[in-house]
Amino acid sequence: MLYYSMLDLNFVRKNVGLVKEKVEAKGVHFDEKVFEQIDVKRRELITKIESIKSKKKKLAKEIGMLKREKQDTNELETKSKELSKDIAAIEAGLEDVEKKFHDFMLNIPNLFDDSVPIGKDESDNKVVREWGEKPAFNFDPKPHWELGEINAFLDLPRAGKIAGARFALYFNTLAKLERVLINLMLDAHTGKNGYEEVLPPFLVNDLSLIGTGNLPKFKADLFKIEDHNLYLVPTAEVPLTNIHRDETLAEAELPKKYAAYTPCFRSEAGSYGKDVRGIIRQHQFNKVELLKFTAPEDSYDELEKLTADAESILQELGLHYRVVLLCSGDLSFSSAKTYDLEVWMPARQGYLEISSCSNFESFQARRARIKYKPAAGKKDFLHTINGSGLAVGRTVAAIMENYQEEDGRIGIPGVLQGNFPGKEYF
């Protein structure tokens, strides 16, 4: 089945210049000549087929009428067979053109909202706001992996023996901290933030990944199960978005809000040498994901609310962070607008992304064919929004570094102390 309606096709036809401008501001080349050539050829072939089918239909009526009158129909039936051959030949050509058109459209990224700043990379991102204060130390803060070794609850060498590089073994208190944080996040989002908790499959098929924009563009980042049409989830965004694939929701159901915990699996293709130490960039990591299905006119308000929901976890944990609006060149393939939440990491004296909150507008909904029915009006594609609420491993690392003492002990944030009775330090 073809999925070439990732962007509204009529919009692309009427605004080729604008599409080229926005796509290339994302750092992706858009060849408008190739698009127009394939689109024109495809429409020509469809028109030809429809014309011949119309002639064949008229012949069928004539043949039926002549047969009722018991007249000879051999000549007309021969013409009808020739038309059928013509249709088959053109359809074979159309199939090839459709595939080229489908592949071309499938690889066009989403267009970004006008509020997104134009830029090439993260250096052009815009800091929107900050929360909290950076912790002050009278000693040189240690990185989280050294703190893990000192306290004997993070073992990276043995994880490497078991699975290879970019895996981690947590023991005792650190293992419990990861579990406690997952519960804290889920309880906050399903309680005061009003999300519906979901425990989705951790394996998804190719249609699910096409729907969210992970395929075909980011195939190299995925772990595929050999001899099966199944992939390990790179994020819960994939199964959550596809809950309503091929469905139409009632407007009264919106916004529909889901929260889910999953382990996430990524090959980290192209990130060699980047955050190789510690637990920042792993092949396997835990994450709590937030996702909303919204009416188009509400989606940007809902993005702000979802971002605030993700921020609330950092605030509960007392971690200093900033909110950054991504520029065009730093946006993901599917996003129309993204805020990154960046937590302060004392050892690196810099910020680390801990959540990305994005509005995809109708991009994913078109790929996955998810619509809504307004109380008055025709069915239309809804908007999807998602964000990490939060990346759990990075939250663990942030707590370790921000709450460390000179002797290597790690203080327990107040909101977590009830989970560690009688303890002030991990």
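Relevant structure appears above.
Presented here is a report on the structure given in the accompanying data block.

Cut-offs and rules
Counting of residues starts from 1 at the beginning of each chain's written sequence and follows it residue by residue. Whole-chain, interface and lining totals are the exception, using all residues; otherwise, since this is a predicted model, local features are given only for residues with pLDDT of at least 70 and side-chain atom pairs are given and counted only at 80 or more. Water and hydrogen atoms play no part in the side-chain values, which are based on all heavy atoms of the structure. Using a 1.4 Å probe on the protein chains alone, a residue whose accessible area is under 20% of its type maximum counts as buried, one over 50% counts as exposed, and one in between counts as partly exposed. Numbering goes from the N terminus for both helices and strands, where a helix is a DSSP run of H or I of at least four residues and a strand is a run of E of at least two. It only takes one pair of heavy atoms within 4.5 Å for two residues to be counted as in contact. Only strands that DSSP links by at least two bridges are regarded as paired with each other. An axis is simply a line fitted to the C-alpha atoms; with a helix, the fit covers only the stretch in contact. Between two such axes, the angle follows the N-to-C directions and lies from 0 to 180 degrees. Polar contact is the term for a pair of N or O atoms within 3.5 Å; when the atoms are in protein, one must be able to donate a hydrogen and the other to accept it, and sequence-neighboring residues count only if both atoms are side-chain atoms. Any pair of Phe, Tyr and Trp rings, taking the six-membered ring for Trp, is counted once the centres come within 6.5 Å. Such a pair is stacked with planes under 30 degrees apart, edge-to-face with planes over 60 apart, and tilted for the rest. Geometrically, a lysine NZ or arginine CZ counts as sitting over a ring once it is within 6 Å of the ring centre and also within 35 degrees of the ring normal. Site definitions follow a grid-based scheme: protein atoms alone, a 1 Å grid, a 1.4 Å probe that fits but cannot get out for cavities, and for pockets an open set with protein on both sides within 12 Å along at least five of seven lines, plus lining residues having an atom within 4 Å of a point. Grid points are joined across faces, edges and corners, and a volume is the space filled by probe spheres set on the points. We call Asp, Glu, Lys and Arg charged. Ala, Val, Leu, Ile, Met, Phe, Trp, Tyr, Cys and Pro are nonpolar, and the rest, Gly among them, are polar.

Description of helix H2 (residues 16-25)
Thought 1: For H2, the complete set of buried residues consists of Val 16, Val 19, Lys 22, Val 23 and Ala 25.
Thought 2: Of the surrounding elements, those touching the buried residues of H2 are helix H1 (9-14) and helix H3 (32-68).

Focus on the pairing of strand E11 (residues 337-345)
Thought 1: Across the 9 residues of E11, 9 count as buried, placing the element largely inside the fold.
Thought 2: Here E11 shows a buried face lined by Lys 337, Tyr 339, Leu 341, Val 343 and Met 345 and a second buried face lined by Thr 338, Asp 340, Glu 342 and Trp 344.
Thought 3: As paired strands, strand E10 (residues 321-325) and E11 are joined by 5 bridges and run antiparallel to one another. Paired with Val 324 across the bridge in E11 is Asp 340.
Thought 4: Here E11 pairs with strand E12 (residues 350-359) via 9 bridges, running antiparallel. In the strand pairing of E12, Val 343 is matched with Leu 352.

Comments concerning the sheet that holds strand E8 (residues 256-265)
Within a beta sheet, neighbouring strands are joined by backbone hydrogen bonds and run either parallel or antiparallel to one another.
Thought 1: Reading across the sheet, the 8 strands line up as E1-E10-E11-E12-E15-E9-E8-E4 and stay open at both edges, with mixed pairing between neighbours. Because the sheet does not close on itself, it has two edges, and the strands there are strand E1 (126-131) and strand E4 (196-198). Across this sheet, the average inter-strand angle for adjacent strands is 25°, counted without regard to direction.
Thought 2: Two elements, E4 and E8, share 3 bridges in a ladder whose sense is parallel. Pairing of Glu 197 across the sheet is with Ala 259, part of E8.
Thought 3: On top of the sheet, helix H12 (residues 392-402) reaches strand E9 (284-294), E11, E12 and strand E15 (383-391); it is set at about 40° to E15, its chief contact.

Some details on the sheet that holds strand E7 (residues 248-250)
Thought 1: Strand order across the open sheet formed by 3 strands is E7-E13-E14, with mixed pairing between neighbours. Pairing within the sheet leaves two strands with one partner each, and these edge strands are E7 and strand E14 (380-381).
Thought 2: In this sheet, E14 lies alongside strand E13 (residues 371-373) in antiparallel orientation, the contact comprising 2 bridges. Following the sheet pairing, Tyr 372 is matched in E14 by Asp 380.

So, the side chain of Ser 358
Thought 1: Mapping Ser 358 onto the fold places it in strand E12.
Thought 2: Here Ser 358 falls in the buried class, since its relative accessible area comes to 6%.
Thought 3: A distance of 2.6 Å separates a polar atom in the side chain of Ser 358 from a polar atom in the side chain of Thr 338.
Thought 4: Once residues lying within four places of it in the same chain are set aside, the contact partners of Ser 358 are Leu 303, Ser 335, Lys 337, Thr 338, Thr 384, Ile 385 and Asn 386.

Let's talk about the packing of aromatic side chains
Thought 1: Per the stated rule, a full pass over the model turns up 11 aromatic pairs.
Thought 2: An angle of 75° between the planes, with centres 5.8 Å apart, marks the rings of Phe 333 and Phe 363 as edge-to-face. Taken together, the residues Phe 333 in the loop between E10 and E11 and Phe 363 in helix H11 (residues 363-368) connect sequence positions 30 residues apart. The residues Phe 333 and Phe 363 share a single accessibility class, namely buried.
Thought 3: Among the aromatic side chains, those forming a connected cluster through ring pairs are Phe 30, Phe 35, Phe 101 and Phe 104.
Thought 4: If you follow Lys 224 out to its NZ or CZ, it ends over the ring of Tyr 231, 5.5 Å from the centre.
Thought 5: Over the aromatic face of Phe 381 sits the side chain of Lys 371, whose NZ or CZ is 5.0 Å from the ring centroid.

Quick word on the layout of surface pockets
Thought 1: Empty space within the second largest pocket amounts to approximately 310 Å³.
Thought 2: Ala 168, Leu 169, Tyr 170, Gln 282 and Gln 284 are the residues nearest the centre of the second largest pocket, which is lined by 14 residues in total.
Thought 3: Residue assignment for the lining of the second largest pocket shows that the elements contributing at least two residues are helix H6 (156-162), strand E3 (169-170) and E9.
Thought 4: With 3 residues, the top contributor of residues to the lining of the second largest pocket is E9.
Thought 5: Tallied by class, residues from the lining of the second largest pocket come to 9 nonpolar, 4 polar and 1 charged.

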